[in-house]
Protein chains: 4
Amino acid sequence: MQIAMIGLGRMGRNMAARLLRNGHDVVAYNRTFEKTEALAIEEGGFAARSLEEVVEHLKPPRTVWLMLPAGGVVDQHVDQFLGLLQEGDILVDGGNSNFHDDKPRHDKAAEKGVHYLDAGVSGGVWGLEEGFCMMLGGPRKAFEHVEPAIKTMAPDKGYYYCGAKPGSGHFVKMVHNGIEYAIMQAYAEGFNILEKSDFREELDYAEICEMWNHGSVIRSWLLELTGRAFKEDPGLKDIAAWVDDSGEGRWTVQQAVDTATPAPVIALALMERFRSRDESSFADRILAAQRNQFGGHAMKHKD
Amino acid sequence: MQIAMIGLGRMGRNMAARLLRNGHDVVAYNRTFEKTEALAIEEGGFAARSLEEVVEHLKPPRTVWLMLPAGGVVDQHVDQFLGLLQEGDILVDGGNSNFHDDKPRHDKAAEKGVHYLDAGVSGGVWGLEEGFCMMLGGPRKAFEHVEPAIKTMAPDKGYYYCGAKPGSGHFVKMVHNGIEYAIMQAYAEGFNILEKSDFREELDYAEICEMWNHGSVIRSWLLELTGRAFKEDPGLKDIAAWVDDSGEGRWTVQQAVDTATPAPVIALALMERFRSRDESSFADRILAAQRNQFGGHAMKHKD
Amino acid sequence: MQIAMIGLGRMGRNMAARLLRNGHDVVAYNRTFEKTEALAIEEGGFAARSLEEVVEHLKPPRTVWLMLPAGGVVDQHVDQFLGLLQEGDILVDGGNSNFHDDKPRHDKAAEKGVHYLDAGVSGGVWGLEEGFCMMLGGPRKAFEHVEPAIKTMAPDKGYYYCGAKPGSGHFVKMVHNGIEYAIMQAYAEGFNILEKSDFREELDYAEICEMWNHGSVIRSWLLELTGRAFKEDPGLKDIAAWVDDSGEGRWTVQQAVDTATPAPVIALALMERFRSRDESSFADRILAAQRNQFGGHAMKHKD
Amino acid sequence: MQIAMIGLGRMGRNMAARLLRNGHDVVAYNRTFEKTEALAIEEGGFAARSLEEVVEHLKPPRTVWLMLPAGGVVDQHVDQFLGLLQEGDILVDGGNSNFHDDKPRHDKAAEKGVHYLDAGVSGGVWGLEEGFCMMLGGPRKAFEHVEPAIKTMAPDKGYYYCGAKPGSGHFVKMVHNGIEYAIMQAYAEGFNILEKSDFREELDYAEICEMWNHGSVIRSWLLELTGRAFKEDPGLKDIAAWVDDSGEGRWTVQQAVDTATPAPVIALALMERFRSRDESSFADRILAAQRNQFGGHAMKHKD
């Protein structure tokens, strides 16, 4: 099918490539034209220089897939495309948007007769090769229209229509990421317990990952990746203990709070990431000062 | 190779079956002879009626694999076998023993010249079909002697020699279970957030598991099993919110505490299980009473 | 000084009473006039029947203190009073408002030349007797104008000017409540550990509170209240294990998330309250189902 | 009454001083005689040079109070005194012993007819002035015999007889400390949220402590001490973010685990202390490496 891919970062570029390699007709656009051109040269497709050119090049009903960094830039593009698209066209936001943002976008689009889909996309750097796992929300008819492209971008069985409510795709993807934070933390704590034990000297963590991934209850893709990391740098000696977060984990905790849903482990996994960036923790200095006050316990002083 | 399997519960019976189906010579023993006999009829092998008969039937150097419920019964059998085995024989504890118990057992065995191995075994009800993931600790020579049997019981690449220190196999298995608790809790919280959201009515959790397992970052075997559970009973309506624990999770937290290793997510996953069994929580009643005391907030009263 | 108290619920009524008992001139207003009348009869002051009457009765520069339930009703009253007040008047929101709501209110008021103060008030049912602890934010001049009334409502040393930034008073109060949740949970867990121990039969919790409150490190007012609750109902047998939350705890966790500040204990205390209301927890049923899937562990079934 | 105080560290010395200042007859002993002598000079009492001299100097039934660092040294002294004391004498362990250690000590003492009491003592550096809060376990008759001394050492109403079961005093003290960890963490997190907010520049934390301690729900002695610490060093700039733990917190978590009692907040407060000492956290490096593996997210490298 014909589809426009707007934004050719790590994700968008590889999604476009999967589409092109499987016979779809891709109209590509990126803010800097070099990336658009590079894609056209390497994988084919039409390299548009402007949003107008994108829309002109598409036959109605048009499908435009936004693959932009979350935030204001998505709203900006939604507005621009709503000024260019026609009734019956489809606009998909495949970025990491907060699901709360989808309802207003959907409503704005609906006023113009444009169908708005929200798409949560997982896959990272492995997506090109293995396919991108996709969660879709919005009008079912629009989903079905885009389904051939989704089927190509996703691995076999790797996509799901989450319902007609705007935001349902981003919502399921958000929860996916919340779970991801906690699973990562689970493995990290486990290996830390191994590392701090008397047994550590005889243990090879990459081999333990390999073994656990063959028949144990905790086998998973994240464990495979963990094993890969240990293989590349067995003691992880070159890596700083500083862990970023990209938004969905925070939104998951806020959703848990908003709906009074207990999510202790997901919340803690997020807090641990904050903690990793909280150098010379003020909280810990307070604890040390309190202990000194009541017990006369020595405090360590900064050197 | 020739090997004795002592204890024919869910795990031991299936481990013996895998050995027999792959040409090993198994001497089986179970406290109630019916199970021993059933195994011999269904899978072959020699059905021993006593520990003495087990030992008589084995050619030196003998290998005896204990697959008993953790606790006193293991020590009892270790003592009994140490009275029957000879120098150079091998005794393996494949049960869910606490790793702290292995050192004294090893030392007792060593006095008699018997080699003691500790084996952590993962696999549950799927082990017969898929193989049992195995973590071994103890003298390397003894491990190498038993390796042909281990290779047969485990899936390809699914076993690991954790080192010569007594307890290292049980230790790595224990940490595996600690991680397992937290991963299970991660998924449980995620689906609970879905369940408590406005999107729940259009979501089919079994299909979400299936989709996430095809290309998403959180794909895993536990997620497959979760999907299987949702397929069998979509709302889990027939299941009580009561979660048992089998020991290794507690030991993992104790080890974290003993070695001052932060393991918030594993600790919380364990606490959540305790909480599931803490009906009419005294802690929560205290909170309700406190709120009433300072704020005049209404308390719910028991009916 | 002269001051209007709008909203005569548990808090507002008692704050007005403290003002009246100490010689201030209070113009009282409540949606249902019965409460206003009752206050006038019991404590004195002027009973206004409408907001217009409130404003007419006050001499400029007027001070109007809103003591309303958080939410839309506050904004409604802010708008109504901004239509009635004059340049130089002061409007105080003493309710449990989210600090994010203060900036827009402040700006609206400033347009009219009205000074907006936000006041976090702690004290609950004990405030009448002991005074209400108060945290104030907004223009310093306005604060200083109202200070005589604040001094009267608060206990000695029990108020603090948190700064000119709109919302600073509600913000400090919000954090206060977050801390409160975690301290309550700390005591609740401690007594639960006593309750689940072999020592419980000889322990009298009310007396333990009394003893800990005389010389121990954990002495506090919340512990006094806890002791009082135990005295009234030693086993807390009549209280349901169901714990409400009133908003500030959630906002504190959201603030922690928004500013990437680790707050594990406060977050957990909130989650525990959610958990207390999550009957037949879906999360726990998932855990039970998972255990059954991989280990064949028996599930409890609902009766 | 006559009582021997064995061990004149921070606690023992001040407990002896309180006894002497209130007319009790104290036989003091310390491993290094200088401290014993200093006490005798400053406060009075008899300075014993050996355990034998202690016992000789006491009139039967003798009361010997051990105030030694927890661990082997206590058992050593228990054994030595049991060799010297006579039937009907009383031996008290007032150190921070694990309650599990009291039963064997009690039994050993009982064989000799010596009454063993376990005493949990709280108070730290403030005990001399304010009294030591005391929790006692063991034979009631023995408790009543020592009560006059306890009454003197404790503040008014500040002691409690926890029951005849050996260890009950240390047990209640242990739970006290677990609660203490969580309360300290609660305040620390709260101030950290203030510190990381846009309001921080106008906030004076020492004054906030002072204000909260006058009428707010979270007023407590620990908050007083926190205020004192902020007064001494407003930004806590001279203190390292490194928090020690002294054992009871760990034992409380282990007890929670042993009795399947959910104690998430206490457990987390302990974990946070471990985390404060876990420089360049291996767990966090694993998380960073995992993110890099699946998402190509940049890792910070050590410089």
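Since the structure is predicted, the reported quantities are computational estimates derived from the model, not experimental observations.

Caption draft 1: Just the interface of chain B and chain D, in detail. Between chain B and chain D, the residue contacts involve 21 residues of the former and 21 residues of the latter. Counting each side, the surface lost to burial between chain B and chain D is near 1,700 Å², with a carbon and sulfur contribution of 77%. Three residues stand out in chain B for area buried against chain D, namely B:Val257, B:Pro262 and B:Met271, and they jointly supply 34% of the buried area on that side. Between the two partners, chain B and chain D, sit zero salt bridges. Contributions of two or more residues to the side of chain B that touches chain D are made by helix H11 (248-258) and helix H12 (264-276) of chain B. Broken down by element, the residue count for the side of chain B that touches chain D peaks at seven residues, all from H12(B).

Caption draft 2: Molecular detail of the nonpolar core. The biggest cluster of nonpolar side chains holds 246 residues, and the ones touching the most others in it are A:Trp212, B:Trp212, C:Trp212 and D:Trp212. Setting aside its immediate chain neighbours within four residues, B:Trp212 contacts A:Cys133, A:Met135, A:Val172, A:Val175, A:His176, A:Ile179, B:Phe191, B:Leu194, B:Ile218, B:Arg219 and B:Leu223.

Caption draft 3: Layout of the domain arrangement of chain A. Residues and elements named next belong to chain A. If you check the domain split of chain A, you get domain 1 (2-165) and domain 2 (174-287). Taking the mean C-alpha position of each, domain 1 and domain 2 sit 32 Å from one another. Across the contact, eight residues belong to domain 1 and eight residues belong to domain 2. At the boundary of domain 1 with domain 2, total buried surface from both sides reaches about 730 Å², with 62% on carbon and sulfur atoms. The largest share of the area that domain 1 buries against domain 2 comes from Asn98, Phe99 and Trp126, three residues that together contribute 55% of it. Where domain 1 meets domain 2, there are zero salt bridges. On inspection of domain 1 and its partner domain 2, the count reaches one residue pair in polar contact (both at pLDDT 80 or more). Its residues assigned to classes, the side of domain 1 that touches domain 2 shows two nonpolar, five polar and one charged.

Caption draft 4: Broad picture of the pairing of strand S5 (residues 90-93) of chain D. Residues and elements named next belong to chain D. Side chains of S5 alternate between two faces, with Ile90 and Val92 and Leu91 and Asp93 buried alike. Crossover connection from strand S4 (residues 63-66) via helix H4 (residues 72-84) to parallel S5: handedness right-handed. Pairing of S5 with strand S6 (residues 115-122), which is carried by four bridges, proceeds in the parallel orientation. Looking at S6, one finds that Leu91 is bridged to Tyr116. In terms of handedness, the path from S5 via helix H5 (residues 102-111) over to S6 forms a crossover that is right-handed.

Caption draft 5: Structural view of the relation of the copies chain C and chain D. Under the fitted operation, chain C is carried onto chain D by 0.0 Å of movement along the axis and a turn of 180 degrees, and the coordinates agree to an RMSD of 0.1 Å. The relationship between the two copies is best expressed as a two-fold rotation axis. Across chain C, the smallest distance between a C-alpha and the rotation axis is recorded for C:Ser220, namely 1.9 Å. Looking at chain C, 100% of its interface residues are interface residues in chain D too, so the copies touch through the same face.

Caption draft 6: Layout of the packing of aromatic side chains. Under the counting rule described, the total for this entry stands at 48 aromatic pairs over all chains. Seen from their ring centres, C:Phe191 and C:Phe230 are 5.0 Å apart, and the 55 degrees between their planes marks the pair as tilted. You can see C:Phe191 sitting in helix H8 (residues 168-195) and its partner C:Phe230 sitting in helix H10 (residues 221-232), a full 39 residues away along the chain. On the basis of relative accessible area, C:Phe230 is assigned to the buried category, the value being 2%. Through pairs of rings, three or more aromatic residues link up here, namely A:Phe191, A:Tyr205, A:Trp212, A:Phe230 and D:Phe282. The positively charged end of C:Arg49 is found above the aromatic ring belonging to C:Phe33, 3.8 Å away from the centroid. The residue whose ring lies beneath C:Arg273 is C:Tyr181, and the NZ or CZ to ring-centre distance is 3.7 Å.

Caption draft 7: Examining the relation of the copies chain B and chain D more closely. Rotating chain B by 180 degrees and translating it 0.0 Å along the rotation axis places it on chain D, where the RMSD comes to 0.1 Å. Both copies present the same face, since 100% of the interface residues in chain B are matched by interface residues at the equivalent positions in chain D.

Caption draft 8: Region of interest: the UniProt feature "active site" (unreviewed entry) in chain A. All names here are of chain A. The feature "active site" (unreviewed entry), as annotated in UniProt, sits at Lys173 in this numbering. By secondary structure assignment, the location of Lys173 is in helix H8 (residues 168-195). Contact partners of Lys173, with chain neighbours within four places excluded, come to Asn96, Gly120, Val121, Ser122, Met135 and Glu248.

Caption draft 9: Spotlight on the interface of chain C and chain D. With 70 residues of chain C in contact, the opposing surface of chain D contributes 70 residues. In total, about 6,200 Å² of surface goes out of reach between chain C and chain D, with carbon and sulfur atoms giving 72% of it. C:Glu130 serves as the salt-bridge partner of D:Arg219, at 2.5 Å between the closest nitrogen and oxygen. Along the contact surface separating chain C from chain D lie 20 residue pairs in polar contact (both at pLDDT 80 or more). Looking at the side of chain C that touches chain D element by element, the count peaks at 17 residues for H8(C). Residue classes in the side of chain C that touches chain D are distributed as 37 nonpolar, 20 polar and 13 charged.

Caption draft 10: Representation of the sheet that holds strand S6 (residues 115-122) of chain C in the model. Residues and elements named next belong to chain C. Ordered by their spatial adjacency, eight strands build an open sheet running S3-S2-S1-S4-S5-S6-S7-S8, and the pairing between neighbours is mixed. Strands at the two margins of the open sheet, each flanked by one partner only, are strand S3 (46-47) and strand S8 (159-163). Sheet topology places strand S7 (residues 133-137) next to S8; four bridges connect them, and they run parallel. Bridge pairing links Met134 to Tyr159 in S8. Sheet contacts for helix H1 (residues 10-21): strand S1 (2-6), strand S2 (25-29), strand S4 (63-66), S6 and S7; angle to S1, the most-contacted strand, approximately 160 degrees.

Caption draft 11: How the structure looks around the packing of helix H9 (residues 205-212) of chain B against helix H10 (residues 221-232) of chain B. All names here are of chain B. Where H9 meets H10, the axes come as close as 8 Å, and the angle between the chain directions of the two elements is 155 degrees. When the interaxial angle is binned, H9 and H10 end up roughly antiparallel. Classified by chirality, the crossing of H10 by H9 is left-handed. Taken together, the residues of H10 that come into contact with H9 (itself represented by Tyr205, Ala206, Cys209 and Trp212) are Leu223, Thr226, Gly227, Phe230 and Lys231. For the contact of H9 with H10, the residue count by class is six nonpolar, two polar and one charged.

Caption draft 12: Representation of the pairing of strand S2 (residues 25-29) of chain D within the structure. Residue and element names in this part refer to chain D. Summarising burial for S2: four of the five residues are buried, a large majority. Relative to S2, strand S1 (residues 2-6) runs parallel, the two being bridged by five bridges. Paired with Ile3 across the strands is Val26, a residue of S2. Regarding the hand of the β-α-β motif, the stretch spanning S1, helix H1 (residues 10-21) and S2 is right-handed. Regarding topology, helix H2 (residues 33-43) serves as the crossover connection from S2 to the parallel strand S3 (residues 46-47), and that connection is right-handed.

Caption draft 13: Broad picture of the UniProt feature "domain: 6-phosphogluconate dehydrogenase C-terminal" (unreviewed entry) in chain A. Under the present numbering, the feature "domain: 6-phosphogluconate dehydrogenase C-terminal" (unreviewed entry) in UniProt falls on residues 169-298 of chain A. For residues 169-298 of chain A, the helix share is 65%, the strand share is 0%, and the end-to-end C-alpha distance is 53 Å.

Here is what the cut-offs are and how they apply
- Residues numbered from 1 in each chain as written.
- Chains lettered and ligands numbered in written order.
- Predicted model: local features only at pLDDT ≥ 70, side-chain atom pairs only at ≥ 80, totals over all residues.
- Heavy atoms only, no water.
- Contact = heavy atoms within 4.5 Å.
- Buried area = accessible area lost by both parts, 1.4 Å probe.
- Salt bridge = Lys/Arg side-chain N within 4 Å of Asp/Glu carboxyl O.
- Helix = DSSP H or I, 4+ residues; strand = E, 2+ residues; numbered from the N terminus.
- Core = buried A, V, L, I, M, F, W, Y, C linked by side-chain atoms within 4.5 Å.
- Buried < 20%, exposed > 50% of the residue type's maximum accessible area, 1.4 Å probe, protein only.
- Domains from an automatic or database assignment.
- Polar contact = N/O pair within 3.5 Å; in protein donor to acceptor, adjacent residues only side chain to side chain.
- Nonpolar A, V, L, I, M, F, W, Y, C, P; charged D, E, K, R; others polar.
- Right-handed = clockwise from strand over helix to strand, strands pointing away.
- Pairing = 2+ DSSP bridges.
- Least-squares fit on C-alpha atoms with pLDDT ≥ 70 in both.
- Phe/Tyr/Trp six-rings, centres within 6.5 Å; stacked < 30°, edge-to-face > 60°.
- Lys NZ or Arg CZ within 6 Å of the ring centre and 35° of its normal.
- UniProt positions renumbered as here; feature names shortened; annotations may be inferred.
- Axes fitted to C-alpha atoms, helices over the stretch in contact; angles between N-to-C directions.
- Parallel < 35°, antiparallel > 145°, perpendicular 65-115°, else oblique.
- Left-handed = near helix turned anticlockwise from the far one by under 90°.

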